[in-house]
Structures are given as structure tokens and as C-alpha cells.
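# Per-entry structural report
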Amino acid sequence: MGLDEFVGKIKEEFSEDYNVGDLDPDTHIKDMEWWSSMHMLVVIALVDAEYDVMLSPEEVREATSIKSLFEIIKTKK
Amino acid sequence: MKAYIKHISEFYPEKSYTNDDFYKEFPEVEAQKEILSRVGVSNRYVVDEKTTSSDIAVQAAEKMFEEHDVNPKDIEFVIFCSGEFDYITPTSSAIIQNSLGLSNNVGAIDLVSSCTGFVQSLSIAKGMIEGCGLKNVLLLCVSTITKEFHKKDFNSKYLFGDAATATLVGSREEFGIGNFVFGTDGSRSDYIIIRDGGGRNPIDENSFTEEINEYGNVTCKANFYMNGAGVFLFGMKTVPKLIENILEKNKAAFDEIDYFVFHQANHLLLEILRKKIKIPANKFIIHLENTGNTVAATIPIALNSILKNGVAKSGDTILFAAFGTGLTWGGTVVRL
């Protein structure tokens with residue numbers, strides 16, 4: 001499991017609905033103009049399905065970037 | 001004698017509230033249209049201000065009497081399950097007994113419950129038939145939850161709808177309703193709550209102060225509040241174990257279940273649960289697109305969808321799993 005793979009999975013999850021071409025490890029997804037509470041739930045579900053890690057809403061909220069979110073996942077794995 | 005689910009009928013209020021209506025009311029949320037579509041709701045029905053939960057419960061019961069040729073004189077007990085009631089006292093079930101013209105020898109109780117309400121009230125109906133010698137219990141599960149929303153609460157207005165279901169629990173020789181599993185975690189009772197207006201916090205001038213969350217959704221203490229993320233995670237964590245426990249308590253194998261009918265919380269969560277539990281899509285019922293989440297009524301509505309179209313038939317084994325307000329959860333296995 002690598003960071004690039006994780007970024008790719010997030011892009012894949014939202015690519016049909018949004019322009020996700022600019023997403024990179026340093027992106028703070030919570031700051032994306034399209035980010036909503038539903039997106040947070042989708043990310044939590046994605047991480048649970050792909051990595052068998054259950055993130056809390058607080059962990060997603062407090063992550064400063066996709067990279068930092070990925071670090072949390074690695075810690076909980 | 002054994003209890004079993006004999007008939008189900010549904011009733012919906014006249015007024016529908018489509019996604020087009022929603023985006024006209026909340027144009028600021030239109031940018032989230034695609035992600036919101038994952039909730040899986042395109043229409044809901046909503047009661048008007050004057051209509052109460054007992055009103056639509058009576059309509060559902062009358063529809064059942066007519067659709068299934070049930071004689072109201074055969075009803076021996078009424079269970080009214082809802083989160084909304086006509087009065088603090090008396091019970092809505094007493095009002096319903098009178099409205100339906102049922103005999104004075106009928107028993108009637110209210111059960112204050114929401115998403116887990118159908119499973120909880122089904123267990124009571126089973127107990128009345130198998131333990132108290134009754135033959136026909138009328139179970140009314142009703143949502144008029146939309147009356148409790150703040151007018152600016154777009155999250156709740158998108159997800160929920162109103163409906164009433166009438167389920168006749170009858171008696172027969174063969175197995176019909178299995179053993180129940182229940183759970184409660186009152187430490188999270190504030191996840192789904194109307195904080196003011198009950199005995200703990202009477203309505204005062206602060207009850208209507210608008211509270212805006214980080215995503216711009218609005219409610220107040222006098223209106224419905226849901227910690228959506230918290231409830232979502234609760235469902236993800238609790239339901240897989242609940243299914244294991246239901247199967248174990250009923251000594252049933254996973255493959256013996258013909259259909260899994262869960263509380264229809266939302267499409268996204270249901271699909272996550274289906275994949276986590278590895279339920280084949282053709283055995284898993286998702287039925288909320290035209291109704292929204294109708295709280296205590298979702299399971300009978302979803303079950304009735306496969307009864308009405310002939311997919312489910314006599315002898316099929318169905319697993320019910322419900323979860324929500326309280327927080328509570330529960331489930332059982334039934335044979336049609």
C-alpha cells in the first residue's frame with residue numbers, strides 16, 4: 001500500500017463527479033470547494049473497504065492533507 | 001401457535017417532494033448533486049401541518065383491511081410504533097382504536113421507537129401471540145418525521161420521508177418469526193435527538209436559535225438533529241456483528257437466508273454493509289428511492305416491495321436488521 005495508490009483511489013472515487021486532476025498528496029481535500037459531509041463518509045467507507053481501517057470523522061477533519069490522512073491509516077493498520 | 005407476518009400495506013401522504021423540489025428550495029446545495037445521489041433517494045412523501053401520525057396510521061390500516069380482505073373485528077391488539085404522537089397523553093393507539101372502529105375489547109399500546117421500531121414492535125407482537133394467546137395483532141409503524149425538521153435543514157429534508165405501514169401479525173401452526181437480538185447504547189443518545197420540548201428541556205427562547213454546522217446545515221434545539229457521520233459509522237461497525245448474532249441466535253446458516261431486509265437508512269451505507277457482509281446483490285433489498293428513509297416504516301415497506309412483485313414467496317426466509325436512534329439495534333429471522 002503506497003501513498004500514490006491512495007491518492008489514485010480517492011481520485012477514482014470522485015472522478016466521475018468532479019475535476020480531481022489537481023489532487024496530489026499535499027492537497028487538503030477538506031478545502032476542495034466541492035467537499036461536503038457526504039464526501040467525508042465516502043472517504044471513510046473507501047478506507048474501510050480498501051485498508052480495513054475505520055477512520056473517525058474527527059481524523060478526516062483534522063488531517064491537513066491526503067498525505068497526513070494516509071499516515072493516520074498506516075498508524076491504525 | 002406461532003406468530004407470522006400475514007399481511008402488509010403501506011400508505012403515503014399525498015404530497016411528494018422530489019429532488020427537483022429539493023434543489024429549488026436549496027439551490028446552494030445543487031453543486032453537491034452528484035454526491036447526494038449516492039444517498040439513493042429521488043422522491044419522498046411529506047405530511048401537511050395538520051396531518052398527524054395517527055391519521056396516516058389509520059389510512060394504512062384501512063388500506064390493509066381492504067387490500068387483504070381483513071375483518072377489523074378480528075384485530076385483538078394494536079401496537080402503534082412511531083417517534084411522533086398526537087398528544088403527550090393519551091396514547092395514539094387509543095385514538096386509532098376509535099378511528100378504526102375496533103372493538104372495545106382490543107388492547108392498544110404506543111411504542112416510542114424510530115429506526116429499530118419495526119423489529120422491536122414485531123417482537124412484542126410475537127410475544128402476544130405465542131405467550132398471551134392472541135391471534136391477530138395490528139402493528140402500525142409510522143413516520144411523520146419531516147414535521148420535526150428545521151426549515152433550513154437540507155440534510156434531513158433530502159434523506160427522510162413520511163409513511164405509515166400496517167402489518168398484520170397472525171397465528172399459525174408453522175414457524176413464522178424467530179428469536180430476536182437487541183442492543184442499546186444510550187451513551188450515544190444525543191446522536192439523533194430533538195433536544196428541547198420534552199420533560200428534560202422545556203421549550204424556551206433559546207430553543208429556536210439557529211445552529212449552523214461546518215457544512216452550512218441548519219437546525220435548532222426544538223427541531224430534529226442527527227450526527228450523520230456518527231450514525232453512519234455506528235451502522236458500519238454494528239450491523240456486521242448484528243447479522244452474525246441474529247444467525248447464531250436462530251441457528252441459521254448464512255446461505256439459508258433468501259433475502260436480507262435492513263433498515264433503509266440510505267443507499268450508500270446499505271451498499272457498504274452489503275459488501276462488508278458479503279451478501280449477494282440479488283438477496284439484498286434496497287428500496288428507498290421513491291420514499292426516502294421512512295424511519296420505523298422502512299423494513300415493512302422494503303419487505304412489501306418484494307411481496308407485491310412476487311419475488312418473495314411463501315416459505316422464504318428473511319433476515320431483518322434494524323439500527324438507529326437510541327442508539328439501538330435489533331433483528332430477527334422470519335419465514336413467510
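Residues numbered from 1 in each chain as written. Chains lettered and ligands numbered in written order. Predicted model: local features only at pLDDT ≥ 70, side-chain atom pairs only at ≥ 80, totals over all residues. Heavy atoms only, no water.

Residue and element names in this part refer to chain A. Contact pair helix 1 (residues 3-14) / helix 4 (residues 66-76): the axes reach a minimum separation of 10 Å and the direction vectors enclose 110 degrees. Relative to helix 4, helix 1 is oriented roughly perpendicular. Between helix 1 and helix 4 lies a crossing of right-handed hand. Counting all contacts with helix 1, which are made through L3, F6, V7 and I10, the residues of helix 4 involved are I66, K67, L69, F70 and I73. When its residues are assigned to classes, the contact of helix 1 with helix 4 shows eight nonpolar, no polar and one charged. (Axes fitted to C-alpha atoms, helices over the stretch in contact; angles between N-to-C directions. Helix = DSSP H or I, 4+ residues; strand = E, 2+ residues; numbered from the N terminus. Parallel < 35°, antiparallel > 145°, perpendicular 65-115°, else oblique. Left-handed = near helix turned anticlockwise from the far one by under 90°. Contact = heavy atoms within 4.5 Å. Nonpolar A, V, L, I, M, F, W, Y, C, P; charged D, E, K, R; others polar.)

With that settled, consider the domain arrangement of chain B. Residue and element names in this part refer to chain B. On domain assignment, one finds that chain B holds domain 1 (2-172) and domain 2 (181-335). Domain 1 and domain 2 are separated by 15 Å when their C-alpha centres are compared. Listed as interface residues are 43 residues of domain 1 and, on the opposing side, 47 residues of domain 2. Here domain 1 meets domain 2 over a buried area of about 3700 Å², counting both sides, of which 62% is carbon and sulfur. Considering only the side of domain 1, the residues that lose the most area to domain 2 are C115, V119 and H150, jointly responsible for 17% of the buried surface there. For the pair domain 1 and domain 2, the interface holds two salt bridges. Between E10 and K308 there is a salt bridge, with the nearest N and O atoms lying 3.0 Å from each other. Seen at the junction of domain 1 and domain 2, the total is 22 residue pairs in polar contact (both at pLDDT 80 or more). Every element with two or more residues in the side of domain 1 that touches domain 2 is listed here: strand 1 (2-11), strand 3 (43-46), helix 5 (117-132), strand 6 (137-143), helix 6 (154-159) and strand 7 (163-172). With six residues, helix 5 is the largest single contributor of residues to the side of domain 1 that touches domain 2. (Domains from an automatic or database assignment. Buried area = accessible area lost by both parts, 1.4 Å probe. Salt bridge = Lys/Arg side-chain N within 4 Å of Asp/Glu carboxyl O. Polar contact = N/O pair within 3.5 Å; in protein donor to acceptor, adjacent residues only side chain to side chain.)

All names here are of chain B. Those residues of helix 4 (residues 92-99) that fall on the buried side of the exposure criterion are S92, S93, I96 and Q97. Down the axis of helix 4, the buried side of the element spans an arc of 145 degrees, and every buried residue falls inside it. Once helix 4 ends, the next one or two residues include G101, with phi positive near 70 degrees. (Buried < 20%, exposed > 50% of the residue type's maximum accessible area, 1.4 Å probe, protein only. Arc of directions from axis to C-beta.)

It is worth spelling out the sheet that holds strand 8 (residues 181-184) of chain B at this point. Residues and elements named next belong to chain B. What the five strands build is an open sheet, ordered 8-16-15-13-14; its pairing is mixed. Each of the sheet's edge strands pairs with one partner strand only, and the pair in question is strand 8 and strand 14 (284-285). Bridge count between strand 15 (residues 317-324) and strand 16 (residues 328-335): eight bridges; the pairing is antiparallel. Residue T317 lies in a different strand from strand 16, and its bridge partner there is R335. (Pairing = 2+ DSSP bridges.)

Residues and elements named next belong to chain B. With mixed pairing, the five strands of this open sheet are ordered in space as 1-7-6-4-5. The open sheet terminates on both sides in strands that have one partner only, identified here as strand 1 and strand 5 (107-112). Within the sheet, the average angular offset between the axes of one strand and its neighbour, ignoring direction, is 20 degrees. The sheet contact formed by strand 6 and strand 7 spans seven bridges and is antiparallel. Bridged to L140 within strand 7 is A166.

Moving on: unusual backbone geometry. With the exception of glycine, the majority of residues adopt a negative phi angle, and the majority of peptide bonds are in the trans configuration. Residues and elements named next belong to chain B. Between T89 and the following residue, P90, the backbone shows a cis peptide bond with an omega angle of 10 degrees. With respect to the element layout, P90 can be found in the loop between strand 4 (77-82) and helix 4. Unusually for a residue other than glycine, D69 sits at a positive phi of about 50 degrees. Tracing the sequence through the fold places D69 in the loop between helix 3 (53-67) and strand 4. Take D69: its relative accessible area is 73%, and that puts it in the exposed class.

The subject of this paragraph is the side chain of N19 of chain B. All names here are of chain B. Relative to the assigned elements, N19 resides in helix 1 (residues 19-25). Note on N19: relative accessible area 16%, which makes it buried. Residue contacts for N19: discarding those within four places in its chain leaves V41, S42, N43, R44 and Y158.

Here six bridges tie strand 4 of chain B to strand 5 of chain B, and the two strands are oriented parallel to one another. Its bridge partner lying in strand 5 of chain B, I79 of chain B is registered against I109 of chain B.

Glancing now at the state of the cysteines. All names here are of chain B. A complete count under the given rule lists zero disulfides over all chains for this structure. With no disulfide of its own, C81 lies closest to C141 among cysteine sulfurs, the gap being 4.5 Å. On the basis of relative accessible area, C81 is assigned to the buried category, the value being 0%. (Disulfide = S-S within 2.5 Å.)

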